[in-house]
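Chain by chain, the residues:
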Amino acid sequence: MAVYELEPAKFYYTFGPHEPALRVHSGDTVVVVTRDAFGYDSHRNPLPEAMKQRVPGTSLKESNPLVGPIYVEEAEEGDLLAVHIRRIRINRDFAISKQSKNFGSLTGEYEGHILLYNDPIPTMWYEWKLDLERNVGILELPGSRLGKVEVPLRPFIGSIGVAPAFGREETSLTPGEFGGNMDCIETREGTTLYLPVWARGAYLLLGDVHALQGDGELNGTALEVTAEVTLKVEVMKGRRAGWPRIEDEDYIMTVGSTRPLMDCVRLAQMELLRWLVEEYGFRKEDAWQLNSQVGAMRIGNVVDPCYSVVAKFPKRYLMTGRYAMS
C-alpha cells in the first residue's frame, strides 16, 4: 500500500467531480496540508488567486478551501468509502475565529437573504493563541472579569466529503449525503468516516480543520486552523449507506443534514436504525427500543445552508464485531 503526499495546485470551493489532484488505490494513505477556512496558510499567507477555483460567468463563496479531489480507482457508485483519519497535526500557533453580520445561529439570516428588520450584528475577529505542547487554546478577554481563558484543544476535520449524488456540485459551506461541511467534532484523529460513493472514483475533498468547536458552531466559526492531515482510504464493496457514518472506539454514528433541525434528527436516526438492522442483526423495533434508552445525539452545526445532527449508538451493545475498524 502506497503513501502519497499531496501538494495541491488548486483549492476548491465546491464538492464535485473536479479534475483529480491525485489518483490512489484502496488501502493507500494520503498526507495533505490544509488551509484554514479563510484561505490562510500556516504563516498567515492568503491563498493566491491562481490557486483558487474559478467558474466562468459566476462567483463562488470563498470559504473552506478544499484539498483534492483524491480519486480512488476502485470506488464505484453504490460502494462505501472508508476514510480512516490517522493523524491531524495542527501546524501553527494561532487560531482565528469571528462573528459575522448576517451569519450565525442567532441572526435568522444567511449571506444576502436578510430576514430581519434589525441592523446586522457587527463583524468581530478573535485570535486564539495555541500552546501545542500543552494542547490548549488561550483567549484574552479584556472585556470580561476572567481576563483570560484556557481550553483543551480537540482538533477535527470540519469539511470532508465526496462528489454528491446525481452529478451535483455543492458549496464547501454545506453538508449533505456526500458528507461536506458537517462540522462534526467526531471526524477527529482515530475515527473512521464512511461516505457513500455517488460517482466513480469518489472524488474525496477535505479542508476546514478546527482546533476546537462547541456543538452547533453557534456563531458560524470554530477555532480555524491549518493542519497536516493523514488519511487512509479503503473501498468497501457490498456495503451501502444513504448518509455518512462514523465509527470510533466507543460508538457507531450517523450524520443527517438538512433543514429544519428535526428532519436532521429523523435522517440520522433512520440511517442508524438501518445500520443496526442490516449489519448487526437487530430487529428494527428492538433497535429502536434500545437506542431510545442508550443512544446519544449531538448537533454538528446550526449555521450552514443545511444543519447537521449526529446520532450515536454505544458499541458495547452491538451483537457482532463484524465490521470492526481496520
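Residues numbered from 1 in each chain as written. Predicted model: local features only at pLDDT ≥ 70, side-chain atom pairs only at ≥ 80, totals over all residues. Heavy atoms only, no water.

### Some thoughts on the confidence of the model for the protein chain
Then, in step 1: Chain-level statistics for the protein chain give a pLDDT mean of 92 and a share of 92% at 70 or above.
Then, in step 2: Low pLDDT, under 50, characterises residues 321-326; the stretch is placed with 17 contacts to residues that sit more than four places away or in other chains. (pLDDT = per-residue confidence, 0-100. Contact = heavy atoms within 4.5 Å.)

### Some words on the sheet that holds strand β7 (residues 94-99)
Then, in step 1: As summarised here, the arrangement of the four strands in space is β7-β8-β9-β10, forming an open sheet in which the pairing is antiparallel. Two strands lie at the open edges of the sheet, namely β7 and β10 (147-152), each paired on one side alone. Pairs of neighbouring strands in the sheet enclose a mean axial angle of 30°, with direction left out of account.
Then, in step 2: Alignment of strand β9 (residues 136-141) against β10, held across six bridges, turns out to be antiparallel. If you follow I138 over to β10, its bridge partner there is E150. (Pairing = 2+ DSSP bridges. Helix = DSSP H or I, 4+ residues; strand = E, 2+ residues; numbered from the N terminus. Axes fitted to C-alpha atoms, helices over the stretch in contact; angles between N-to-C directions.)

### Digging into unusual backbone geometry
Then, in step 1: Of the consecutive residues G68 and P69, the connecting peptide bond is found in the cis state with omega at -5°.
Then, in step 2: If you trace the backbone, P69 turns up in strand β5 (residues 67-72).
Then, in step 3: The peptide bond linking R259 to P260 adopts the cis configuration, its omega dihedral lying at 0°.
Then, in step 4: Checked against the element boundaries, P260 lands in the loop between β19 (251-258) and α1 (261-280).
Then, in step 5: In the Ramachandran plot, N64 falls in the positive-phi region, its phi being about 55° despite a non-glycine side chain.
Then, in step 6: Within the secondary structure, N64 sits in the loop between β4 (29-33) and β5.
Then, in step 7: The class for N64 is buried, based on a relative accessible area of 4%.
Then, in step 8: Even without being glycine, E217 reaches a positive phi, approximately 45°.
Then, in step 9: Classification of E217 by relative accessible area gives buried; the value is 4%. (Buried < 20%, exposed > 50% of the residue type's maximum accessible area, 1.4 Å probe, protein only.)

### Some points on the nonpolar core
Then, in step 1: Grouped together as the largest cluster of nonpolar side chains are 53 residues, with contacts concentrated most on L81 and L204.
Then, in step 2: If near-sequence neighbours (up to four positions away) are discounted, L204 is found in contact with V67, G68, P69, I70, L81, V83, I160, G161, V162, L195, L231 and V233.
Then, in step 3: Ranked by size, the runner-up nonpolar core spans 22 residues in total, among them L80, A241, V302 and L318. (Core = buried A, V, L, I, M, F, W, Y, C linked by side-chain atoms within 4.5 Å.)

### Points about the sheet that holds strand β6 (residues 80-90)
Then, in step 1: With mixed pairing, nine strands are arranged side by side in an open sheet as β1-β4-β17-β6-β15-β18-β19-β21-β20. Among the strands making up the open sheet, the edge pair consists of β1 (3-6) and β20 (296-301). Between one strand axis and the next, the sheet turns by 25° as a mean value, whatever way the strands run.
Then, in step 2: Examined bridge by bridge, β6 and strand β15 (residues 192-196) share five bridges and lie antiparallel to one another. Of the residues in β15, the one forming a bridge with V83 is L193.
Then, in step 3: Docked against the sheet, α1 engages β15, β18 (245-247), β19, β20 and β21 (307-314), running at close to 140° with respect to β19.
Then, in step 4: Against the sheet, helix α2 (residues 284-294) engages β20 and β21, with an angle of about 100° to β21.

### A few points about the pattern of salt bridges
Then, in step 1: Under the criterion given, the structure shown has 27 salt bridges.
Then, in step 2: Put simply, R168 and E177 hold a salt bridge, and the shortest N to O gap is 3.0 Å.
Then, in step 3: On the basis of relative accessible area, R168 is assigned to the partly exposed category, the value being 26%.
Then, in step 4: Residue E177 is classed as buried on the basis of its relative accessible area, which comes to 11%.
Then, in step 5: For R239, the salt bridge goes to E279, with nearest N and O atoms at 3.0 Å. With R239 in the loop between β17 (227-236) and β18 and E279 in helix α1, this pair connects stretches of sequence that are 40 residues apart.
Then, in step 6: The exposure class assigned to R239 is buried, which follows from its relative accessible area of 3%.
Then, in step 7: We classify E279 as buried; its relative accessible area is 8%.
Then, in step 8: A single salt-bridge network, built from bridges that share partners, covers R239, R245, E271, R274 and E279. (Salt bridge = Lys/Arg side-chain N within 4 Å of Asp/Glu carboxyl O.)

### Structural notes on the packing of aromatic side chains
Then, in step 1: Here the structure, examined in full by the defined rule, presents seven aromatic pairs.
Then, in step 2: With 6.1 Å between their ring centres and 75° between their planes, F282 and F313 make a pair best called edge-to-face. Of this pair, F282 sits in the loop between α1 and α2 while F313 sits in strand β21, and the two are 31 residues apart along the sequence. Considered together, F282 and F313 belong to a single accessibility category, that of buried residues. (Phe/Tyr/Trp six-rings, centres within 6.5 Å; stacked < 30°, edge-to-face > 60°.)

### Points about the pairing of β21
Then, in step 1: With eight of its eight residues buried, β21 lies for the most part within the structure.
Then, in step 2: Taking every second residue as pointing to the same face, both faces of β21 are buried, with Y307, V309, A311 and F313 on one and S308, V310, K312 and P314 on the other.
Then, in step 3: As judged from the eight bridges shared by β19 and β21, these two strands associate in the antiparallel manner. Pairing of T258 across the sheet is with Y307, part of β21.
Then, in step 4: Relative to β21, β20 runs antiparallel, the two sharing five bridges. When the sheet's bridge partners are listed, N301 is paired in β21 with S308.
Then, in step 5: Taken together, β20 and the strand that follows it, β21, pair antiparallel across an intervening segment of five residues.

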